[in-house]
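What follows is each chain in one-letter form.
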Amino acid sequence: MTKNLDVILGAQWGDEGKGRVVDAASEEADVVARFGGGANAGHTIWVGGKKYVTHLIPSGIIRDKICMLGNGMVIDPRTLLQEIQEFASQGLVVWPKNLLLSSGAHIITPAHILLDKIASQGKLGTTGRGIGPAYEAKARRVGLRVMLMKNPPAFREAVRKHISDCNEFFVRMHGVDALDADAIAQEYFECAEHLLPYIKDVSRLLYGYLRSGFKVLAEGAQGALIDVDHGTYPFVTSSTTTIGGVFSGLGIGAEHLGRVIGVVKAFQTRVGNGPMPTELFGEQAARLRGVKGDPGSEYGATTGRDRRCGWLDLAALQYAIRVNGISELALTKLDVLSSLKNIKICTAYELNGSSCSVISDGADDWGIFRPLYEDVVGWDTDVSQARSLRDLPGAARFYVGRIEQLVGVRVRSVSVGPEREQMFSIY
Ligand code: IMP
């Protein structure tokens, strides 16, 4: 069987730089498909000084690949239309020939967004995009699916009823103002009319592409450590961000699976609440975060929030490798570490006085882990001009090699800046 399905997954808490890794890999791909999450994701890609940000549409759109939004996603149709328009204003044509929306994906409504804000945003630090409530409705079997949009008048009625039902709950339980069900239903009706030509049976089409030998890239969103099952629960997103999500979220089998590429930043970041064993504070964190507005600085592409920053956590990375079956790593943002005299790598945790490098179900509270560090000598040189492993100073090469050694997986590519040419393969 041809191994023509490659997968790109986040191996930390999200924001690893998957977008640019997908952008590079999609050069050789025919189809790029997203399988989970929604507009809680935000991929930033820089091409020739021009910034592209995608929240829903796969990063492959920048190379005009066939892009698919899988049934595992939750989609706010207004955001999708807005993103299509924004790309158009940047000169990229997004139309039903290069964007296909699965009829099985679920719809996010203003009621889900309001619920997210009143129920969980403060406690969990969610992105407030309605992600959790939409997946909750899916699991409760009361969700609205994209296929309803194929009949816009019936869809309008379904949205109106859904908002009215939610209003009762909002007013009675939370004392907040009711949403305008008629206005929202009308807005969603108009969205349905626009999106109708994009709605397809993504699972069936992908099956055909894979069987015919086309190269398909599955684009992950978020990261392993916020997976609803395997992440730092309850401080997680509501979808499967790990490998299993590829198959359920696209409606395909595993027979074509080739490379599983884990994207890992050269240090650790996290947005929102929840444990982060290697977190740094004050000056040290600010140094890694960078200056707001600079390309690659650590502020959320979706919400603009400051990202929490810390040293690279290889105990967590080994866990992500295990739960995903990662076959190779793409290391991003190595340049950010330049000019640090001393760099720390967390190689294991200490738990109750003994070293623990294997995270098992004891991981239900990662806050109890104390990181054990190895010190690595830093490098002074600016590495942003490096275009091969040979161009890196010895200490930076050592850092890359040490990661490989400690986790037992090859680092296949390294990035040293946000531009396309600042990412290179190393074997
Ligand atoms: P939600 O996905 O909006 O429900 O947020 C749940 C948690 O996942 C919060 O801590 C968010 O900050 C985090 N999260 C969701 N999407 C992303 C992402 O794309 N990158 C990083 N963190 C994310």
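Treat the numbers as computed from the prediction; the structure is a model and nothing was measured.

### Details of the layout of surface pockets
One way to see where empty space is left: roll a probe the size of a water molecule over the atoms. Of the pockets and cavities examined, the second largest pocket occupies roughly 490 Å³. Contributing to the lining of the second largest pocket are 26 residues, with Ala24, Ala25, Arg259, Met423 and Ser425 lying nearest its centre. Breaking the lining of the second largest pocket down by element, the ones donating at least two residues are helix 1 (18-25), strand 3 (43-47), strand 10 (216-219), strand 11 (257-265), strand 15 (328-332), strand 19 (411-415) and strand 20 (423-425). With 5 residues, the top contributor of residues to the lining of the second largest pocket is helix 1. Looking at the lining of the second largest pocket residue by residue, the class counts come to 13 nonpolar, 2 polar and 11 charged. Two domains each donate at least three residues to the lining of the second largest pocket, and these are domain 1 (5-101 + 201-261) and domain 3 (264-425).

### Some thoughts on the pairing of strand 2 (residues 31-34)
Of the two faces of strand 2, the one lined by Val31 and Ala33 and the one lined by Val32 and Arg34 are each fully buried. Here 4 bridges tie strand 2 to strand 10, and the two strands are oriented parallel to one another. Paired with arginine 34 across the two strands is glutamate 219, which belongs to strand 10.

### Section: the sheet that holds strand 7 (residues 99-102)
Pairing in this open sheet of 10 strands is mixed, and the strands run 9-7-5-2-10-1-11-15-19-20 from one edge to the other. The open sheet terminates on both sides in strands that have one partner only, identified here as strand 9 (199-200) and strand 20. Here 3 bridges tie strand 15 to strand 19, and the two strands are oriented parallel to one another. Residue pairing across strands places leucine 331 opposite valine 414, the latter belonging to strand 19. Packing of helix 1 onto the sheet brings it into contact with strand 1 (5-10), strand 2, strand 10, strand 11, strand 15, strand 19 and strand 20, and relative to strand 1 it is tilted by some 165 degrees. Against the sheet, helix 8 (residues 202-211) contacts strand 1, strand 2, strand 5 (66-69), strand 7, strand 9 and strand 10, and its axis sits at roughly 140 degrees relative to strand 5.

### Some remarks on the site of the ligand
Within the structure, the ligand sits among 16 residues, and Asp15, Asn40, Thr127, Thr237 and Arg305 are positioned closest to it. Here a nitrogen atom of the ligand and a side-chain polar atom of aspartate 15 are 3.1 Å apart. One of the side-chain N or O atoms of threonine 237 is found 2.6 Å from an oxygen atom in the ligand. Along the lines of polarity and charge, the residues of the shell around the ligand split into 6 nonpolar, 8 polar and 2 charged.

### Details of the nonpolar core
The biggest cluster of nonpolar side chains holds 59 residues, and the ones touching the most others in it are Leu206, Leu317, Leu329, Leu334, Leu337, Tyr399 and Ile403. The element that contributes the greatest number of residues to this core is helix 12 (residues 394-407), accounting for 5 residues. For tyrosine 399, the residues in contact, after removing those within four places along its chain, are Ala266, Leu312, Leu334, Leu337, Ile343, Ile345, Val376 and Trp379.

### Things to note about the pattern of salt bridges
All told, the structure shown has 21 salt bridges when counted by the stated rule. For arginine 204, the salt bridge is made with aspartate 201, and the minimal N-O distance between the two is 3.9 Å. A salt bridge links glutamate 404 to arginine 410, with the shortest nitrogen-to-oxygen separation between them at 3.3 Å. We classify glutamate 404 as buried; its relative accessible area is 18%. Under the relative-accessibility criterion, arginine 410 is labelled partly exposed at 43%. Here the residues in one salt-bridge network are Asp6, Lys215, Arg259, Glu328 and Arg412, joined through shared partners.

### Comments concerning the packing of helix 3 (residues 110-119) against helix 5 (residues 131-139)
Geometry of a packed helix pair, given as the angle between the helix axes and the separation of the axes. Between helix 3 and helix 5, whose axes approach to 7 Å, the crossing angle comes to 115 degrees. For the crossing formed where helix 3 meets helix 5, the hand is right-handed. Residue-level contacts link His112, Leu115 and Asp116 of helix 3 to Ile131, Pro133, Ala134 and Ala137 of helix 5. Tallied by class, the residues present in the contact of helix 3 with helix 5 amount to 5 nonpolar, 1 polar and 1 charged.

### A look at the packing of aromatic side chains
Working definition: an aromatic ring pair is given by the centre-to-centre distance plus the angle between the planes. Applying the stated criterion to the full structure yields 5 aromatic pairs. Note on phenylalanine 169 and phenylalanine 170: the rings are 6.2 Å apart at their centroids and 55 degrees apart in plane angle, and the pair reads as tilted. Taking the relative accessible area as the measure of exposure, phenylalanine 169 reaches 32% and is therefore partly exposed. Ring centres 4.6 Å apart and planes at 10 degrees place the aromatic pair tyrosine 349 and phenylalanine 369 in the stacked group.

### Section: empty space enclosed by the protein
The tally for this structure, following the rule as stated, stands at 1 cavity of 30 Å³ or more. Within this model, the largest cavity holds a volume of roughly 30 Å³. Residue lining of the largest cavity: Tyr207, Leu210, Ile252, Gly253, Glu255 and His256, and that is the complete set. A per-class count over the lining of the largest cavity returns 3 nonpolar, 2 polar and 1 charged.

### Here we look at the state of the cysteines
Taken as a whole and assessed by the stated rule, the structure comprises 0 disulfides. Between cysteine 166, a free cysteine, and cysteine 191, which holds the nearest cysteine sulfur, the sulfur-to-sulfur gap is 17 Å. In this structure cysteine 166 comes out as buried when scored by relative accessible area, which is 15%. Using a relative accessible area of 6% as the deciding quantity, one classes cysteine 191 as buried.

### Describing the domain arrangement of the chain
What the domain assignment lists for the chain is domain 1 (5-101 + 201-261), domain 2 (107-195) and domain 3 (264-425). When each unit is reduced to the centre of its C-alpha atoms, the spacing between domain 1 and domain 2 is 23 Å. If you look at the interface, domain 1 gives 22 residues, while domain 2 gives 20 residues. When domain 1 packs against domain 2, close to 1700 Å² is buried across both sides, 71% of that on carbon and sulfur atoms. Of all residues in domain 1, Val74, Pro77 and Arg78 bury the most surface against domain 2, accounting for 34% of the area lost on that side.

Calculation criteria
- Residues numbered from 1 in each chain as written.
- Predicted model: local features only at pLDDT ≥ 70, side-chain atom pairs only at ≥ 80, totals over all residues.
- Heavy atoms only, no water.
- 1 Å grid on protein atoms, 1.4 Å probe; cavity = no way out; pocket = protein on both sides within 12 Å on 5 of 7 lines; lining within 4 Å.
- Points joined across faces, edges and corners; volume = space filled by probe spheres on them.
- Helix = DSSP H or I, 4+ residues; strand = E, 2+ residues; numbered from the N terminus.
- Nonpolar A, V, L, I, M, F, W, Y, C, P; charged D, E, K, R; others polar.
- Domains from an automatic or database assignment.
- Buried < 20%, exposed > 50% of the residue type's maximum accessible area, 1.4 Å probe, protein only.
- Pairing = 2+ DSSP bridges.
- Contact = heavy atoms within 4.5 Å.
- Axes fitted to C-alpha atoms, helices over the stretch in contact; angles between N-to-C directions.
- Near = heavy atom within 4 Å.
- Polar contact = N/O pair within 3.5 Å; in protein donor to acceptor, adjacent residues only side chain to side chain.
- Core = buried A, V, L, I, M, F, W, Y, C linked by side-chain atoms within 4.5 Å.
- Salt bridge = Lys/Arg side-chain N within 4 Å of Asp/Glu carboxyl O.
- Left-handed = near helix turned anticlockwise from the far one by under 90°.
- Phe/Tyr/Trp six-rings, centres within 6.5 Å; stacked < 30°, edge-to-face > 60°.
- Disulfide = S-S within 2.5 Å.
- Buried area = accessible area lost by both parts, 1.4 Å probe.

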